[in-house]
Amino acid sequence: MSDPLPDWLYAARLDAGTRIRDARMHNNLTQEALAELIGVERRTIVRIELGITSPPLDRVFAIARALDIAPSSLLP
């Protein structure tokens, strides 16, 4: 999407990012530790948690697996 994001989409990204952050913290993982577990750079986790980017579905699955939770619990 090259146009500015619609408000509802940004809100959904931010909600998903918050859910990921909360689950990560519940598992006592740093952003760096989660990034290592799923094979990405820490800045990727930062961008996802802040709603700057939305993760591809495969990455949602990897994050959920690393956090030992259902992928659906990460989505709004």
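Everything below is about the structure shown above.
Quick caveat, the model's predicted, so the values are computed rather than measured.

Procedures and definitions
Residues numbered from 1 in each chain as written. Predicted model: local features only at pLDDT ≥ 70, side-chain atom pairs only at ≥ 80, totals over all residues. Heavy atoms only, no water. Helix = DSSP H or I, 4+ residues; strand = E, 2+ residues; numbered from the N terminus. Rg over C-alpha atoms; globule rule 2.2 N^0.38 Å. Buried < 20%, exposed > 50% of the residue type's maximum accessible area, 1.4 Å probe, protein only. Contact = heavy atoms within 4.5 Å. Areas by Shrake-Rupley, 256 points an atom, 1.4 Å probe, with all protein chains shown as cover. Core = buried A, V, L, I, M, F, W, Y, C linked by side-chain atoms within 4.5 Å. Salt bridge = Lys/Arg side-chain N within 4 Å of Asp/Glu carboxyl O.

Q: For this particular structure, what's the right way to read the overall build of the protein?
A: Helix and strand counts for the protein stand at four helices and zero strands. Listed N to C, the secondary structure of the protein is α-α-α-α in terms of helices and strands. Against the globule reference of 11 Å for 76 residues, the protein gives a C-alpha radius of gyration of 12 Å, in line with a compact fold. Taken over the C-alpha atoms alone, the protein extends approximately 35 × 25 × 20 Å along its principal axes. When burial is assessed residue by residue, the protein has 30% of its 76 residues classed as buried. Sequence separation of at least 24 residues holds for 57% of the intrachain contacts in the protein that already meet a minimum separation of 6. When the accessible area of the protein is evaluated, it comes to approximately 5100 Å², of which 54% is carbon and sulfur surface.

Q: Would you explain the environment of Gly17 in this entry?
A: Positionally, Gly17 belongs in helix H1 (residues 7-26). On a C-alpha basis, the gap between Gly17 and Asp58 in space is 15 Å, while along the polypeptide they are 41 residues apart. If we ignore the near neighbours within four places in the chain, the residues touching Gly17 are Ile48 and Glu49.

Q: Explanation requested: the nonpolar core in the structure shown.
A: Formed by 14 residues in total, the largest nonpolar core has its most connected members in Ile20, Leu34, Ile38, Ile45, Ile63, Leu67 and Leu74. Elements supplying a minimum of two residues to this core: H1, helix H2 (31-38), helix H3 (42-49) and helix H4 (57-67). No other element matches the four residues that H4 contributes to this core. Those residues in contact with Ile45 that lie beyond four places of it in its chain are Gln31, Leu34, Ala35, Ile38 and Val40.

Q: Any chance you could explain the environment of Pro55 here in plain terms?
A: Relative to the assigned elements, Pro55 resides in the loop between H3 and H4. Given a relative accessible area of 22%, Pro55 falls into the partly exposed group. Not counting the four nearest positions on each side in its chain, Pro55 is found in contact with Ile48 and Val60.

Q: Can you walk me through the pattern of salt bridges in this structure?
A: By the definition in use, this model includes four salt bridges. Here Arg21 and Asp22 are joined by a salt bridge, their closest N and O atoms 3.3 Å apart. For Arg21, a relative accessible area of 30% corresponds to the partly exposed category. With relative accessibility at 41%, the residue Asp22 sits in the partly exposed group. Between Arg43 and Glu41 there is a salt bridge, with its nearest N and O atoms 2.9 Å apart. For Arg43, a relative accessible area of 49% gives the class partly exposed. Note on Glu41: relative accessible area 46%, which makes it partly exposed.

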